[in-house]
Amino acid sequence: MRSVGSSIARLALVFLLCGLLSACKVQLYGGLNQRDANEMLAVLLHAGIDAQTIVGKEDVAIQVEQSQLDRAIELLNSRGLPRPKTTSLGDVFKQEGLISSPLEQRARFIYAISEELSRTLSQLDGVITARVHIVIPERRPNEQNSSPPSAAIFIKYQDDYDLNAYVPQIKQLVANAVEGLSYDKVSVVLFPSTSRADLAVKPKPVEDVDRKTLVVLLLVGVIAFLLLGRRRGGKAA
């Protein structure tokens, strides 16, 4: 019986140790899909931030060390993560039971195309945020010289990337995606990110390592104290 009780006590202390070590982490973001979570996790780990993903039934959450929470938030914000949700064509043109007017249909169509192009440009390496603004003047009857369509593209990118060489391809992509839009009517504005230098790769803070070490030493001391007490009790009996 004494051996069984000792094994249970040891097992309980092991679970207590795991619980105390995991309690140092707090949730940073929840409700993520697997792709966004993996991208965010890679950025955090590369920067020396102790992070992990928690997979739920329908989504994924990210946890980080509590002492690194503020730095993790700043780092992800500087990278535009998690990426903003964009609306797809299917979402925009989802039927709600009422018939939309031609003006509403036209506005929704332009919005949907802008969202699709923004999402496409956001997939380029180094892009933090991409927005596409399309202007398609309404063609009125008996109006011969209507203004041609135009587009303005805003891209915020990581300053360690050079997107200037891709401007012609970006303009061509948008021009081909919008009917009647010519290449020379597409403008692209690039803004480098002004991320802080102290968000660069850093080793894990010393205080985090020391805190975990103290917890481990404390529990080891408790285990040794319990085992020693049992031995003395056995000898006294």
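Note that the coordinates shown come from a computational prediction; the quantities given were computed from them, not determined experimentally. By convention here, each chain's residues receive numbers from 1 onward along its written sequence. Under the rules for a predicted model, residues below a pLDDT of 70 receive no local features and side-chain atom pairs below 80 are neither given nor counted, while totals for whole chains, interfaces and linings still include all residues. Remark: hydrogens and water are excluded; side-chain values derive from all non-hydrogen atoms of the structure.

### Examining the layout of surface pockets
Using a grid of 1 Å spacing that covers the protein atoms alone, one calls a set of points a cavity when a 1.4 Å probe fits there but cannot get out, and a pocket when the set is open and has protein on both sides within 12 Å along at least five of seven lines; lining residues are those with an atom within 4 Å of a point. Grid points are joined across faces, edges and corners, and a volume is the space filled by probe spheres set on the points. Of the volumes computed, that of the largest pocket is approximately 540 Å³. Along its surface, the largest pocket is lined by 25 residues, and D36, E39, R83, S122 and Q123 are the ones closest to its centre. A run of H or I in DSSP counts as a helix once it spans at least four residues, and a run of E counts as a strand once it spans at least two, with each numbered from the N terminus. Listed by contribution, the elements that provide at least two residues to the lining of the largest pocket are α2 (34-46), α5 (102-122) and β4 (127-135). Sort the elements by how many residues they give to the lining of the largest pocket and β4 lands first, with 5 residues.

### Focus on the confidence of the model for the protein chain
Note on scores: pLDDT gives the predictor's confidence for each residue, bounded by 0 and 100. Averaged over all residues, the pLDDT of the protein chain equals 77, while 63% of them reach at least 70. Across the protein chain, the secondary-structure element scoring lowest on mean pLDDT is helix α1 (residues 2-22), at 53, and the one scoring highest is helix α6 (residues 167-177), at 96.

### What to know about the sheet that holds strand β1 (residues 25-32)
Strands pair, by our definition, only if DSSP identifies at least two bridges between them. Taking strand neighbours across the sheet as the criterion, the 3 strands line up as β1-β3-β2 in an open arrangement whose pairing is antiparallel. Only two strands of the sheet have a single partner each, and these edge strands are β1 and β2 (51-55). Averaged over all neighbouring strand pairs, the angle between strand axes comes to 25°, with direction disregarded. Bridge count between β1 and strand β3 (residues 60-65): 5 bridges; the pairing is antiparallel. The axes used here are C-alpha line fits, helices contributing only the stretch in contact, and every angle between their N-to-C directions lies in the interval 0 to 180 degrees.

### Observations concerning the sheet that holds β4
Spatially, β4-β5-β6 is the arrangement adopted by the 3 strands of the open sheet, whose pairing is mixed. Looking at which strands have only one partner, the edges of the open sheet turn out to be β4 and β6 (186-192). With strand direction ignored, the average angle separating the axes of adjacent strands in the sheet is 10°. As defined by bridge partners, β4 adjoins strand β5 (residues 150-157) across 8 bridges and the pair is classed as antiparallel. Looking across to β5, one finds that I134 is bridged to A151. The contact rule is simple, with two residues in contact once any of their heavy atoms fall within 4.5 Å. Here α5 sits on the sheet and contacts β4 and β5; the angle it forms with β4, its principal contact strand, is near 155°. Against the sheet, α6 engages β4, β5 and β6, with an angle of about 135° to β6.

### Comments concerning the nonpolar core
As used here, the term nonpolar core means buried Ala, Val, Leu, Ile, Met, Phe, Trp, Tyr and Cys residues forming a set that is joined through side-chain atoms within 4.5 Å. Working definition: with a 1.4 Å probe on protein chains only, accessible area under 20% of the residue-type maximum means buried, over 50% means exposed, and in between means partly exposed. Formed by 21 residues in total, the largest nonpolar core has its most connected members in L117, V132, I134, I153, I155, V174 and V186. Of all the secondary-structure elements, those providing two or more residues to this core are α5, β4, β5, α6 and β6. Apart from residues lying up to four places away in sequence, V174 is in contact with L117, V132, A151, I153, L181 and V186. Among the nonpolar cores identified, the runner-up in size contains 17 residues, and A37, L44, I49 and A72 belong to it.

### A few points about the packing of α2 against helix α3 (residues 69-78)
Remark: α2 packs on α3, axes separated minimally by 10 Å, with the N-to-C direction vectors making an angle of 120°. Judged on the interaxial angle alone, α3 and α2 are oblique. Judged by the twist between their axes, the crossing of α2 over α3 is right-handed. Where α2 approaches α3, its residues M40, V43 and L44 are matched on the opposing element by A72, L75 and L76. Taken together, the residues of the contact of α2 with α3 break down into 6 nonpolar, no polar and no charged. Oblique is the label for every angle not falling under 35 degrees (roughly parallel), over 145 degrees (roughly antiparallel), or within 65 to 115 degrees (roughly perpendicular). By convention, the crossing between two helices is left-handed when the near helix turns anticlockwise from the far helix through less than a right angle, and right-handed when the turn is clockwise. Throughout this entry, Asp, Glu, Lys and Arg are counted as charged residues, while Ala, Val, Leu, Ile, Met, Phe, Trp, Tyr, Cys and Pro are counted as nonpolar. The remaining residues, Gly among them, count as polar.

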